Amino acid sequence: MGAFLFAKSSALRYTNSIKIAVGGRGGIPHVQIAHRQVFQPHLQPCHDHSGAGGFTVSSVGVKLKPDFHQQCGGAGGGALKALSIMIVLYLVRKDENSAYKIGWIVLIGLLPLLGGALYLAFGNKAPAKYLRERMQKVEQAHQTELAQPEGQTDALDISSRNLSRYVAKFGPYPAWKDTAAHYFSCGEEMYPQLLADLDKAEKFIFLEFFILRSGKMWDGVEQILRRKAAQGVDVRLIYDDFGSLLGLPSDFVIRMEKAHIRCIPFNPVVPLVSLVMNHRDHRKIVVVDGNVAYTGGVNLADEYINAEQRFGYWKDAAIRLEGAAVWNFTVMFLNAWNAFRPQETDYTAFAPTRLPAVQDGVVQPYADSPLDEEPLAETVYLDILSQAQRYVYIYTPYLAVGEEMLDALKNAAKRGVDVRLILPGIPDKKLVFRLSRSYYLPLLRAGVRIYEFTPGFLHAKCYVSDDRVAVVGSINMDYRSLFLHFECGTLLFHNSQIAALRKDVERTLPQCREIMRSDCRTNLPGTALDSVLRLLSPLM
């Protein structure tokens, strides 16, 4: 059984030939995609506005056997059932999060045909072959540039040193001294400093974001990028094509390239052809001249600086780095860039050229991806919870976690740690908000304190514990961030901005409503809905 689809995208002249077939390789059920790309950066205007981010589909043809639909009802249906059984057997032996596996197994058991098809499209954590091979090849070629220099973590306590060693080995992303950090408690606080740093660029500007949307925030950034590109500054932009699908004009890439702002839409969406949309670039990275970097939860859209009110006040967080640790973000970006638009093999020219005269703990930017089986982002969060002695304060917009993370939160509270979760009061996704609330009661029973930010939507993704360690980044506490997306964060050890983050939480708590056990009462249909949502949480 097979279907052959052809799509030609005229915006960047990507040519894709895709063959979709149900089969198995090494015992793994899969959708086989034969993918061919030709990249031509000099573009012609597009006339079909059905695409996004500058991509339009100029032709889509579908060739099916005449009896395809009849086969699906007969032998094809039996084949899909057999495939579903293969998927279940594959999941049983697969080394990954148990709750993630159980959710899919139950869904496939209840709806064999639909469940199996959904897993192939949305559940398999392994990226498409072409994506995996390109990115792994570049990352492996530059592992030596991310080797941990000696003496950077000698002053840390044993718990911090062990966590840092884990990230340096399995990231691999080294830890650095000689780095100044500044924490921003909202997007509108960060934005003027970001514009000032972009305006000072002399050599290069790298930007990588999940969401770009036309409006005040992007307009301010774009004006500077255009001016700097005209001055000869190397300006490059990576944005997630799915995340920015509805926010950019169809000729966006054409306009940027004409202004000498080079662009890569990550994992482009091709309507009717793009079946697997799991693996999105959820990172937020800015690097200026190799000396300054930004990351956090802030995308380039107006709600992130509260120039637009979508869900009340938008509470976010970001961090600015200056110095040695910027190198990690530079390599992250260049690896992603050169995987799809090869340009340089030597990154030496992009290294930091100035180090601040400051000794302020240790800073360790890191990335996580579905390219390997190492759950780096989840392990960092779990380690902070397991090592906490006095408190752990957590900002997260979503809560959809497995039993291991749930147990870590509960166990920390049970041994007397002050564990506090701060989530949105006004949700951006009501069904996901209901799912998050389904976790409240067992956490409250264990002693975790939970707050909802009543002025609006809390989008920050932060951990802070014991005035010893903190994380500011793009990583939500849900399955997609922890297992499926490309993410990044910054670990801070004994850094002054750990206290700044703690104080921000302390200022935010009075604006929140604390959730009590009595708030979690629900009727039988509500309990049933919560159970179904928990079951389907890997899909959300």
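Structural notes, computed from the coordinates.

Points about the layout of surface pockets
Next up, step 1: Taken as a whole, the largest pocket spans an internal volume of roughly 880 Å³.
Next up, step 2: Together, 36 residues line the largest pocket, and Phe 210, Ile 211, Phe 242, Tyr 398 and Lys 429 are the ones closest to its centre.
Next up, step 3: Its residues placed into classes, the lining of the largest pocket shows 17 nonpolar, eleven polar and eight charged.

Examining the packing of helix α11 (residues 376–387) against helix α12 (residues 403–414)
Next up, step 1: Where α11 contacts α12, the axes come no closer than 9 Å and their chain directions differ by 20°. In terms of orientation, α11 lies roughly parallel with respect to α12. Here α11 and α12 pass one another in a crossing that is left-handed. Residue-level contacts link Glu 378, Tyr 381, Leu 382 and Leu 385 of α11 to Glu 404, Met 405, Ala 408, Leu 409 and Ala 412 of α12.
Next up, step 2: Residues that form the contact of α11 with α12 fall into these classes: seven nonpolar, no polar and two charged.

Structural notes on the packing of helix α6 (residues 158–170) against α11
Next up, step 1: Taken N-terminus to C-terminus, the directions of α6 and α11 make an angle of 175°; their axes are 11 Å apart at the nearest point. On the basis of their axis angle, the class for α6 and α11 is roughly antiparallel. For the pair formed by α6 and α11, the contact residues are Ser 159, Leu 163, Tyr 166, Val 167 and Phe 170 on the first element and Leu 376, Thr 379, Val 380, Asp 383, Ile 384 and Gln 387 on the second.
Next up, step 2: Per-class residue counts for the contact of α6 with α11 are seven nonpolar, three polar and one charged.

Here's the deal with the sheet that holds strand β7 (residues 234–240)
Next up, step 1: Spatial strand order, β5-β12-β10-β9-β6-β7-β8: seven strands in an open sheet with mixed pairing. Bordering the open sheet on either side are β5 (179–184) and β8 (261–266), each of which pairs with just one other strand. Looking at each pair of strands side by side, their axes are set apart by 10° on average, direction ignored.
Next up, step 2: Pairing geometry for β7 and β8, over six bridges, is parallel. Looking across to β8, one finds that Val 235 is bridged to Ile 261.

Concerning the packing of aromatic side chains
Next up, step 1: Taken as a whole and judged by the stated rule, the model has 20 aromatic pairs.
Next up, step 2: Both rings, one in Tyr 239 and one in Phe 252, keep their centres 5.5 Å apart while their planes meet at 90°; by these two values the pair is edge-to-face. Of this pair, Tyr 239 sits in strand β7 while Phe 252 sits in helix α9 (residues 252–258), and the two are 13 residues apart along the sequence. Exposure class is identical for Tyr 239 and Phe 252. Each is buried.
Next up, step 3: Summarising the aromatic geometry, the rings of Tyr 398 and Phe 457 are spaced 6.3 Å apart at their centres and angled 50° between planes, so their arrangement reads as tilted. Residue Tyr 398 is found in the loop between β14 (391–395) and β15 (399–400), and its partner Phe 457 is found in strand β18 (residues 456–458); the two are separated by 59 residues along the sequence.
Next up, step 4: Looking at Phe 457, the relative accessible area reads 0%, which means it is buried.
Next up, step 5: Connected via pairs of aromatic rings, a cluster forms that spans Phe 204, Phe 206, Phe 333, Trp 337 and Phe 350.

Conventions we followed
- Residues numbered from 1 in each chain as written.
- Predicted model: local features only at pLDDT ≥ 70, side-chain atom pairs only at ≥ 80, totals over all residues.
- Heavy atoms only, no water.
- 1 Å grid on protein atoms, 1.4 Å probe; cavity = no way out; pocket = protein on both sides within 12 Å on 5 of 7 lines; lining within 4 Å.
- Points joined across faces, edges and corners; volume = space filled by probe spheres on them.
- Nonpolar A, V, L, I, M, F, W, Y, C, P; charged D, E, K, R; others polar.
- Axes fitted to C-alpha atoms, helices over the stretch in contact; angles between N-to-C directions.
- Helix = DSSP H or I, 4+ residues; strand = E, 2+ residues; numbered from the N terminus.
- Parallel < 35°, antiparallel > 145°, perpendicular 65-115°, else oblique.
- Left-handed = near helix turned anticlockwise from the far one by under 90°.
- Contact = heavy atoms within 4.5 Å.
- Pairing = 2+ DSSP bridges.
- Phe/Tyr/Trp six-rings, centres within 6.5 Å; stacked < 30°, edge-to-face > 60°.
- Buried < 20%, exposed > 50% of the residue type's maximum accessible area, 1.4 Å probe, protein only.

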